[in-house]
Amino acid sequence: MTPVSCYGNLSKVIDVEEKLEQAYLYDFYGELLNEHQRRIYEDFVFNDLSLGEIAGEEGISRQGVADMIKRCSRKLSDYEKKLHLVEKFLSVKKDVEEIHRLTEAFHESKDERLMEQIATISNQILEEL
């Protein structure tokens with residue numbers, strides 16, 4: 001694989017990760033945007049419309065759309081910096097996945113130490129909430 005094609009694949013991975021982060025931020029904080037902001041942000045992030053397509057639908061300039069998307073992204077990120085809801089959600093999700101893995105391992109081995117690990121993780125989750 002050439003460096004250019006490798007970079008292209010990396011760019012796609014970053015785009016997917018970025019889209020996932022934007023989706024989480026929107027899921028948690030999107031209702032804090034006004035209707036106009038939500039519509040433009042959804043069209044760009046989730047519906048994959050171009051700036052020009054959105055501008056045409058909304059009757060504003062492409063630059064206006066770009067500015068609105070940047071403002072919305074910044075606003076959603078600022079909410080996360082203050083409230084950490086996405087961070088907490090992802091932490092709990094990771095812990096629940098670990099509990100699931102340990103439960104499956106317990107069913108195979110009946111090792112009581114696994115149940116102790118499950119109890120420890122579940123206590124951590126309860127403390128985080």
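Summarised in this report is the structure supplied together with it.

Definitions and cut-offs
- Here, residues in each chain are numbered from 1, in the same order as that chain's written sequence.
- In view of the model being predicted, local features appear only for residues whose pLDDT reaches at least 70, and side-chain atom pairs are presented and counted only at 80 or more, with totals across whole chains, interfaces and linings using the full set of residues.
- Side-chain numbers here rest on the full set of heavy atoms in the structure, without hydrogens or water.
- A run of DSSP states H or I qualifies as a helix once it reaches four residues; a run of E qualifies as a strand once it reaches two. Both are numbered from the N-terminal end.
- Burial here depends on accessible area, computed with a 1.4 Å probe over protein chains only, as a share of the maximum for the residue type. Under 20% is buried, over 50% is exposed, and the range in between is partly exposed.
- Throughout, a residue-residue contact means that at least one pair of heavy atoms, one from each residue, lies within 4.5 Å.
- A 1.4 Å probe and the Shrake-Rupley method give the accessible areas. Residues count as covered only by the protein chains that appear here.
- By this rule the span expected of a helix is its residue count minus one, scaled by 1.5 Å.
- Directions from the helix axis toward the C-beta atoms define the arc.
- Working definition of a nonpolar core: buried Ala, Val, Leu, Ile, Met, Phe, Trp, Tyr and Cys residues. They are joined through side-chain atoms within 4.5 Å.
- Nonpolar side chains (Val, Leu, Ile, Met, Phe, Trp, Tyr) are joined into patches within 5 Å and like charges within 9 Å, using only residues with over 30% relative accessible area and no salt bridge.
- The salt bridge criterion pairs a side-chain nitrogen of Lys or Arg with a carboxyl oxygen of Asp or Glu, the two atoms within 4 Å.
- In this charge count, Lys and Arg are treated as positive and Asp and Glu as negative; neither His nor the chain ends contribute.
- Charged side chains are reduced to one point each, which is NZ for Lys, CZ for Arg, CG for Asp and CD for Glu.
- For this analysis, a ring pair means two rings from Phe, Tyr or Trp (six-membered ring only for Trp) whose centres lie within 6.5 Å, classed as stacked if their planes differ by under 30 degrees, edge-to-face if by over 60, and tilted for the remaining angles.
- When the NZ atom of lysine or the CZ atom of arginine is within 6 Å of a ring's centre and also within 35 degrees of its normal, the charge is said to sit over that ring.

Another point: the overall build of the protein. Along its length, the protein carries 6 helices and 0 strands. Taken over 129 residues, the protein has a buried fraction of 26%. In the protein, once contacts between residues fewer than 6 apart in sequence are set aside, the share between residues at least 24 apart is 52%. Of the roughly 9,100 Å² that the protein leaves accessible, carbon and sulfur atoms contribute 56%.

Right, let's talk about helix α5 (residues 85-109) for a bit. Along its 25 residues, α5 runs 36 Å from first to last C-alpha, staying within 8% of the 36 Å computed at 1.5 Å per residue. Turning to α5, its buried residues number three or more, namely Val86, Val92, Asp95, Ile99, Leu102 and Phe106. In the stretch just after α5, Lys110 is the one whose phi turns positive, near 60 degrees.

Of note, Ser77 is situated in helix α4 (residues 62-83). C-alpha separation for the pair Ser77 and Leu25, spaced 52 residues apart in sequence, amounts to 7.0 Å.

A rise of 1.5 Å per residue sets the reference length of α4, with its 22 residues, at 32 Å; its end C-alpha atoms lie 32 Å apart and thus fit the reference within 8%. Those residues of α4 not exposed but buried are Val65, Ala66, Met68, Ile69, Cys72, Leu76 and Glu80. Buried residues of α4, viewed axially, fall in a sector of 165 degrees; they line one side. Turned more than 90 degrees away from the buried face of α4 sit Lys70, Lys81 and Lys82, all of them exposed. Among the residues trailing α4, His84 stands out with phi positive, at a value near 60 degrees.

This brings us to the nonpolar core. Of all hydrophobic cores here, the largest spans 17 residues; its most connected members are Ile40, Tyr41, Val65 and Leu76. Going through the elements one at a time, α1 (3-29), α2 (35-45), α3 (51-58) and α4 are the ones with two or more residues in this core. For this core, the element with the highest residue contribution is α4, accounting for 5 residues. Those residues in contact with Leu76 that sit more than four places away from it in its chain are Leu25, Tyr26, Tyr29, Gly30, Leu33 and Tyr41. Counting 8 residues, the second largest nonpolar core, distinct from the first, contains Val92, Leu102, Leu114 and Ile125.

Here the focus is a nonpolar patch on the surface. Residues Phe28, Leu83, Leu85, Phe89 and Leu90 make up a contiguous nonpolar surface patch of about 390 Å² in total accessible area. Leu85 gets classed as partly exposed once you look at its relative accessible area, which sits at 35%.

This brings us to a positive patch on the surface. Residues Lys70, Arg71, Arg74 and Lys75 make up a contiguous surface patch of positive charge. By secondary structure assignment, the location of Arg74 is in helix α4.

So, about the packing of aromatic side chains. For the coordinates displayed, the defined rule picks out 6 aromatic pairs. Between Tyr24 and Phe89, the aromatic rings sit 5.7 Å apart at their centres with planes inclined by 55 degrees, giving tilted as the arrangement. Taken together, the positions of Tyr24 in helix α1 and Phe89 in helix α5 put the pair 65 residues apart, joining distant regions of the chain. Given the relative accessible area of 17%, Tyr24 is considered buried. Between Phe28 and Tyr29, the aromatic rings sit 6.4 Å apart at their centres with planes inclined by 50 degrees, giving tilted as the arrangement. A connected cluster of aromatic rings, assembled from ring pairs, spans Tyr24, Phe28, Tyr29, Tyr79 and Phe89. Positioned above the aromatic ring of Phe44, the side-chain terminus of Lys19 is 5.9 Å from the ring centre.

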